[in-house]
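Inside the fold
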Amino acid sequence: DMKVTQMPRYLIKRMGENVLLECGQDMSHETMYWYRQDPGLGLQLIYISYDVDSNSEGDIPKGYRVSRKKREHFSLILDSAKTNQTSVYFCASRDSYEQYFGPGTRLTVL
Amino acid sequence: EQQVQQSPASLVLQEAENAELQCSFSIFTNQVQWFYQRPGGRLVSLLYNPSGTKQSGRLTSTTVIKERRSSLHISSSQITDSGTYLCAMSNYNVLYFGSGTKLTVEP
């Protein structure tokens, strides 16, 4: 069964703290994604990774960076989190046709 | 510019009624995927339908690429079908999402 995992599922941080969101997939997919989802704005692409150390900015990369050192792991990093980064973050991976999503991480920045 | 438009934005049905959800794209695509999401939940892939008609259980998707549209038909709706249905189109490895149709099925 194809699976994308995310850790943690819920996270509360204070403004200015660093945040690390982890994503894993067991399907050996080359391409992985980070999205955020906000009410009224839908899903917005933050970063896309085409393989290890091959990352590209999505539509809203400002305030985020990513790391992919192994094909099965893709991390989203917020250096000095801001309150407007409160959101639900989804990771996804892709085979030749479909995208598969993780369960999401609900991040609250106070 | 919103590249994927979905309609209606919300839909309320009585149990056992059918639903027709629409999706249109502003640019050419050859990959269309429909997702289902409960509030705060994971996006679950329902159908991958790049063209023509594809069926999975009570779900039928019809995609007409040259007209840049896709539809999702839900037959004999059930209360558990309630949630948000998202249409997405792929362009060069990037998936663009519509804002979704919020479906509520009442007893």
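Residues numbered from 1 in each chain as written. Chains lettered and ligands numbered in written order. Predicted model: local features only at pLDDT ≥ 70, side-chain atom pairs only at ≥ 80, totals over all residues. Heavy atoms only, no water.

The final tally for this structure, using the stated rule, is 2 disulfides over all chains. Residue C23 of chain A pairs covalently with C91 of chain A via a disulfide, S to S 1.8 Å. Note on the C23 of chain A and C91 of chain A pair: the S-S dihedral is about -75°, so by sign convention the disulfide is left-handed. With C23 of chain A in strand β3 (residues 19-25) and C91 of chain A in strand β9 (residues 87-94), the pair connects residues that are 68 residues apart, well separated along the chain. Across the disulfide, C23 of chain B is cross-linked to C87 of chain B (sulfur-sulfur distance 2.0 Å). Between C23 of chain B and C87 of chain B, the S-S dihedral sits near -75°, and the bridge is therefore left-handed. Residue C23 of chain B is located in strand β3 (residues 19-25), and its partner C87 of chain B is located in strand β9 (residues 83-91); the two are separated by 64 residues in the primary sequence. Here C23 of chain B and C87 of chain B have matching classes, each one buried. (Disulfide = S-S within 2.5 Å. Helix = DSSP H or I, 4+ residues; strand = E, 2+ residues; numbered from the N terminus. Buried < 20%, exposed > 50% of the residue type's maximum accessible area, 1.4 Å probe, protein only.)

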